[in-house]
Every structure is written in structure tokens, then in C-alpha cells.
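Topology and contacts: notes
Each chain, written out:
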Amino acid sequence: MDVAFLNINYLLKAALVTLEMAVATVVLSFIVGTALGVAAALSGRLVRSVLTVYVYVVRGVPVLVLIFIAYFGLPRLGVDAPNYVAATIALVIYFAAFVADIVRGSILAVPKSTVEAGLAIGLRWRQVLMQIQLPLGMRLALPPLVTTASIAVKSTSYASIVGVWELTYASREVVERTLAAFEIFFTVMVIYFCICYPISLCATYLQRRYAAA
Amino acid sequence: MNKAQPLPTSRPMIEVRGVSKSFGENQVLKSISFEVKEGEVVVLIGPSGSGKSTLLRCINYLEDFQAGEILVDGAAVGYNSTAGGSKRTKQSETEIARLRTKAGMVFQNYNLFPHKTAIQNIMMGPVLVNRESKAEAREHAQALLAKVGLADKANHYPSQLSGGQQQRVAIARALAMRPKVMLFDEVTSALDPELVDEVLKTLRDLSTEGMTMIIVTHEMQFARDVADRLLFFYQGSIIEDGPPNDVFANPRTERFQAFVKRFQSAAMAA
Amino acid sequence: MSWLNMVWGWLPEFFNGFLVTVTLVGMCLPVAVAFGMGVVLMRLSNHAVIWAPTYAVIEFLRNVPTFLLILVVYYGAPLLGSRLDGIYCGAIAIAVQHTAYLAEVFRGGVSAVPRTQWDAGRAIGLRPAGVFFRVVLPQAVLKVVPAIGNQVVVLIKDTSLVAGIGVVDLTLSGKLVMERTAASYEVFIVIAAFYLVLTTLASAVFHWLEIFSRKRN
């Protein structure tokens, strides 16, 4: 395990890059996804159908393929962006779909009876939306959203395949140099675990508190 | 029973004229007509599925109805008829929302907003709809909580309250809008037996204060005690209508006789 | 349309890649399901000696990226003296991780069966093992079919990661075609379509399975 300790600084620096990418992905995809999800919950069949198609496509295609499309496609469209930008764009497009689907479902899952109670005291639909459906809907959405965040963190490792220097890429470099595959990869897995496991514990806690009865 | 006597007004508080409603092929309300005077307590009873809850929900337009008119305090609910009566145009969302403030509704499952405290639940209507200031609304809400016997629970969340307490908060929430009539939809059916009495007491108090009330309930004894008039619903029509003592002593229809017998034997068994 | 001809020309290579992908799924899925069922039994054991390490391993595997597991096998296998082809490295890693995922899915299904069913089973005289296999398990399976369907879709998509170690699956065949011809990202749109067909088929199968098992109950 000495190999691991010798290289730990290098790996931790790479872990930081992973974290940056993960945070960027989560924040952007959640903003876009929430906006889309709320819009879809409120709108008519057209917007809802568009969202359904978008979610269906994203669900059925591997993240890596989306990353390749972005990586090779952006230069073609005239955009000269570094590889991590392309990868992040692909990840955001991927996860925004899941976030939108979760948000839309959660808003609609707020019990009709609670909505009726709001109407009965004279609230108008816009007030019902802002005061009842959105707050309660987002509570319901929290557990699956946190799980999605955890998945997003793990999927940053796929960016290494298009050459983005993050934790997985760095670990490969070190292993190829030192041949100490098990020690290095074990250390890296522990690092990923330390990031993702607390997130999944959060999700379990939130599930107990806020999930639909 | 001692009640505050309201000033006689010529116009009934609630008028239901020829209201019919179907869910698809199933007609649940068959040309229902009745009136409720100001200060009257009318109790709707009848077997499950007879239409009584549906009618209640039509009065504050939580359910649409295909034919007929409903007037609350002289104002039409849901549809505006042109003079002559045959043409109805659906009201706007604003009109409907405004009319709902005249009728307070309390639900079987309380339906409190889980993310707000008891006092916040009560304040929501006055602040958001009547544009009262938070301070005014809070004072009023505190008074209402005291009225239903829950002054110390103001900052509790619904999850921290028992069923009976939640239901009383729900009653206070409906009262906060100063409605002209209160609609109660089986408000004790979801409660444990020991919690039922506290809610019924609140209803009794309201009735002695002269509130116009329409109550749907299975609690027969309570119905007999509190009602000025009993309406028996059966398969979408009203087949008995009168003061409880009259109706129970002289049932006009066999169906109601059977219903009464079942109630009396159940009461004996209890 | 020459665009269509171009795509037509790519198809043979894609098909080979497609076969590799399907082979991977065919190897990993049954293994993950079978071992997943075994692992969940360990996870549900009443003996801490058994369920505690099982829980630890499952949680560990669920919280690390799939690609990293593939790399572990890929770089680690030679150190252990074996010369595994890339495809088998990928297969082992994916099978192991999905065993953990499926074990959790199964566990969710079992815990969703109401406690009352256990009591009913004991009440008619069955011993705990009997209750489990004859009363609880059939009901758990029913509840779990849609979730398994989701996991299968995830597995199909995870196979694309072997492209990162040079295995010519559907995804990597796209990259090779792209480098060989003048085309660019359009290739991957076609690849995406292939995957969509595959995942739609899998979802449809499980949808049908769900309806079928509902009817049988």
C-alpha cells in the first residue's frame, strides 16, 4: 500500500477535479431539469409529450454514447471546447431528463385531497401551485433526486474515456506506471465510496421522512 | 335546543334547484332540489353512494354538475345563467374561487397542509385570498384555535397532532374565511371512536352560534340531536325531508323505515 | 439518398459490435440474477456474521463507478496470471456490480411484502424457510419485475463501457467507423438508435412479463 500513499496527492488532486465536474453536472442538470419538470406538470399534452420523448431517449441510450456525440459533435458545430466541457454538457443533458421526470411525477403525486383543501378556502390555481403543489412536490422529489445525484457523481468517471483528466483517468495513469493495480484502484474506490455513500445515506434518510405514505 | 335566533331574511342561504350529475353513465344526482335557511342545520344521511357527499361537493363546486342551479347567499355557483334560465356559461376561475370563500368545507381526512403548522394552515386563506396582514391573520387564527380548544397547539405540525385535533384545526381553517355556510363531509368517519366526541362538540357549538351548516354524517344520534332538518338520500334522490323527530317517528318510505330499523338495532347492540 | 447509403455501409461493422454487446448482456444478466438471488438470501440472514459483511460488500459495490470496476479486472487479471480478453474483464466486472444492484432490488421486493403475510404463513403451520419460499418470495417476485426491468436496461447501457478498454462493442464500433470514414458524430446518433431499439425491446419484454405475472396471480 506504500504505492498508494506515494501517489495519494496526485490522486486527491484528481478527485478534486471529479468533484468539480460532479458539482457542475448536478447543479446544472437540476436547474434545467426542475424547470422542465415544473413546466411539464403545468402544461398541456404537447409539452408533456416532448418531455416523455426526451426522457425515453435518454433512458435508452448509454451515457458514453452521449459523451461521444458531444465530444465529436461540438467541434463540428464550430464550438471549440475542451473535452471536459463536452463531457459535462453530455452529462447535464442526460441527467436533466431524469430530474425533469422525477419533478414532474412528484408535483402530480401531491394528493388531490390536499389540493382540494386549498381550493376550498378560495385559493386560485396559481396559488395552489405555488403554496401547495410545488413545496409538497419537491419534498416528494427529494429522495429520488438525491439518488440521481449519486449516480451523476459516479458517471463522471466515464469522461475519462474521452481523455478528461479526473480521478479514474489519473488512477489509470498511476497503475500503468506502477503496475500496482489492486492497491491503487482500491484506494480510488475508497475515495469514490467516501463521496457517494454519504449521499446515498442522505437519500435513505430523506426517503423515510418525505416519501409518499 | 337553545339557538341564537337569526334575523328573518326572505332569501334562503342555500338554494339547490334541479341539480343532476352523472359520472359517465352513472347518474349519482337526480334533479335534487332543496333550500337551507340562514342559521339552519341540515343533515344529509343515507347509504354509501347515494350522492350526499357529491352534492355537498357541488355546493362549493369541487364537483361539476350537468344540470340545475346552486345559489349560495344569492350568488350562482359554477355557472351563470342568462335571464330565462336555459343558457349556462361556466364561471371564471376568479368567480369560482371567490364563491368558495362563502362556503367553508371540512373534509373526512382533514386534508391539512403537512408542511405548515396549525396556525399557518389557518392563516393561509386570510393572507393569500383576503389579503389580510400577517399580524391580523395571526390574531384571528389564534382566536379560532382557542375557540376549538387548541390554543396551545398553534406551532405544532399536523403530524404531531391526533386525528381529532387535526380535524378541529381543519374546522378553524375553514372558519378563518368567515364563511356564510359550513359544509361538513363525514368529518368523524376517519377518527378513532374516542376522538369523535371532541369534534362533534365543536360542531354543536357552531350550530348554537347560528352558523348555517350542511352536515353529511353516519353518526345517527348526533344527527338527531343537532339537525333542524334531516334529508335522507337514496340512489341520487331525496326521499325524506323534515325535522328529525318527525322523520324518525313517521317515515314516509319503506326504504327509510328499513334504514331506521338497521340504525336502531345497531344502537341497541352498542 | 446518399446519407442512407452511407449508413447502410456502416451496418456490417455495427452488427459485429452489436453482437458483442448482446453477448455481454447474455453473459452478465443470468449470472447477476442468479448470484443476486443468492446474495440477497445472505443479506436477509439473521446472523450478523453473514449479513454484515454482505451488506458492506453490497454497499461498497453500489457506490463505485462501473468503469472503475472494469479497470480493476482489466489491469488486475494479468497480475494474477490470467490473460483474459477485454470482453471477459468487462463481463466479470459488470456481472459483479449488477449482482449487488439486483440483490438490493430483490431485498426491496421482499421488504415490500407486508408483515401480515409472514404471520399468515406461520399461522398455517409453515416453518420460517417454508414461509419465505412459498408465501413471501412469490409475492416479492411480482412486485420486483418492473424494477428488474429497469436494472436490465441499466445493464445494457453499462456494457458500452467496455469501449473504454478497447473491446469492440456497439459503441466502439461506432468510433472505429467514424475514424475510418469522413463521418463524425452522426455515427453515434445511429449507434444511439441501435441502443434505443435494444432497450425498448428489453422494456417491452419486462412489461409483458409484468402483465403475465399479474394475470397468473
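Because the structure is a prediction, the values reported are computed rather than measured. (Residues numbered from 1 in each chain as written. Chains lettered and ligands numbered in written order. Predicted model: local features only at pLDDT ≥ 70, side-chain atom pairs only at ≥ 80, totals over all residues.)

Digging into the overall build of chain B
Convention followed: Helix and strand definitions here come from DSSP, where helices need a minimum of 4 consecutive H or I residues and strands a minimum of 2 consecutive E residues; each element is numbered from the N-terminal end. In this scheme every C-beta is placed from the backbone, and a residue whose C-beta has 20 or more other C-beta atoms within 10 Å is buried, one with 12 or fewer is exposed, and one in between is partly exposed. Any two residues are considered in contact once their C-beta atoms, placed from the backbone, lie within 7 Å.
Looking only at helices and strands, chain B features 9 helices and 12 strands. Taken over the C-alpha atoms alone, chain B extends approximately 55 × 55 × 40 Å along its principal axes. Counting the 270 residues in chain B, one finds 41% classified as buried. Considering only contacts in chain B between residues 6 or more positions apart, those separated by 24 or more positions represent 65%.

Observations concerning the interface of chain A and chain B
The line we're drawing: Note that Gly is not counted as nonpolar here; it falls among the polar residues with everything else outside the nonpolar set of Ala, Val, Leu, Ile, Met, Phe, Trp, Tyr, Cys and Pro and the charged set of Asp, Glu, Lys and Arg.
Of the residues lining the interface, 17 residues belong to chain A; the matching set on chain B comes to 22 residues. For the side of chain A that touches chain B, the secondary structure elements donating two or more residues are α5 (112-120) and α6 (125-155) of chain A. Ranked by residue count, the leading element in the side of chain A that touches chain B is α6 of chain A, at 7 residues. Residues that form the side of chain A that touches chain B fall into these classes: 9 nonpolar, 5 polar and 3 charged.

What to know about the sheet that holds strand β10 (residues 212-216) of chain B
All names here are of chain B. Formally: When DSSP locates at least two bridges between a pair of strands, those strands are taken to pair. Here, axes are lines fitted to C-alpha atoms. For helices the fit covers the stretch in contact, and angles between N-to-C directions go from 0 to 180 degrees.
Judged by pairing direction, the sheet is mixed, and its 6 strands sit side by side in the order β8-β9-β10-β3-β11-β12 without closing on themselves. Only two strands of the sheet have a single neighbouring strand rather than two, namely β8 (103-106) and β12 (237-242). In this sheet, neighbouring strand axes are inclined to one another by 15 degrees on average, regardless of whether the strands run parallel or antiparallel. Examined bridge by bridge, β8 and strand β9 (residues 181-185) share 4 bridges and lie parallel to one another. Counted as the bridge partner of Gly104 is Met182 from β9.

A look at the nonpolar core
To be explicit about the condition: Residues enter a nonpolar core if they are buried, belong to Ala, Val, Leu, Ile, Met, Phe, Trp, Tyr or Cys, and are joined to the set through C-beta atoms within 7 Å. The split of the chain into domains comes from an automatic or database domain assignment.
The biggest cluster of nonpolar side chains holds 197 residues, and the ones touching the most others in it are Val65, Ile67 and Ala90 of chain A, Val43, Ile59 and Ile122 of chain B together with Ile70 of chain C. Broken down by element, this core gets its largest block of residues, 16 residues, from helix α4 (residues 83-109) of chain A. The residues that make up this core include at least three from each of domain 1 (14-102 + 181-269) and domain 2 (114-178) of chain B. In this structure, Ile70 of chain C is in contact with Cys89, Gly90, Ala93, Leu161, Val162 and Ile165 of chain C, ignoring residues within four places of it in sequence.

Concerning the packing of helix α5 (residues 115-123) of chain C against helix α6 (residues 128-158) of chain C
Residues and elements named next belong to chain C. Note the cut-off: An angle below 35 degrees is treated as roughly parallel, one above 145 as roughly antiparallel, one from 65 to 115 as roughly perpendicular, and anything else as oblique. Here is the rule for handedness: rotate from the far helix to the near one, and if that takes an anticlockwise turn smaller than a right angle the crossing is left-handed, while a clockwise turn gives right-handed.
Two numbers describe how α5 lies on α6: the axes approach to 10 Å, and their chain directions differ by 150 degrees. Between α5 and α6, the angle is such that the two are roughly antiparallel. In the packing of α5 onto α6, the handedness of the crossing is right-handed. Judged by residue contacts, Gln117, Trp118, Gly121 and Arg122 of α5 engage Val131, Val135, Val136 and Gln139 from α6.

Points about the domain arrangement of chain B
All names here are of chain B. Once the domains are mapped, chain B shows domain 1 (14-102 + 181-269) and domain 2 (114-178). Centre-to-centre separation of domain 1 and domain 2, based on C-alpha positions: 25 Å. Facing 10 residues of domain 1, the contacting portion of domain 2 comprises 10 residues. With 4 residues, the top contributor of residues to the side of domain 1 that touches domain 2 is helix α6 (residues 193-208). In terms of residue class, the side of domain 1 that touches domain 2 is built from 6 nonpolar, 2 polar and 2 charged.

Things to note about the interface of chain C and chain A
Listed per partner, the contact involves 31 residues of chain C and 29 residues of chain A. Elements with a minimum of two residues in the side of chain C that touches chain A: α2 (48-62), α3 (66-79), α6, α7 (170-180) and α8 (185-216) of chain C. No other element matches α8 of chain C, which puts 9 residues into the side of chain C that touches chain A. Grouping the amino acids of the side of chain C that touches chain A by side-chain chemistry returns 20 nonpolar, 8 polar and 3 charged.

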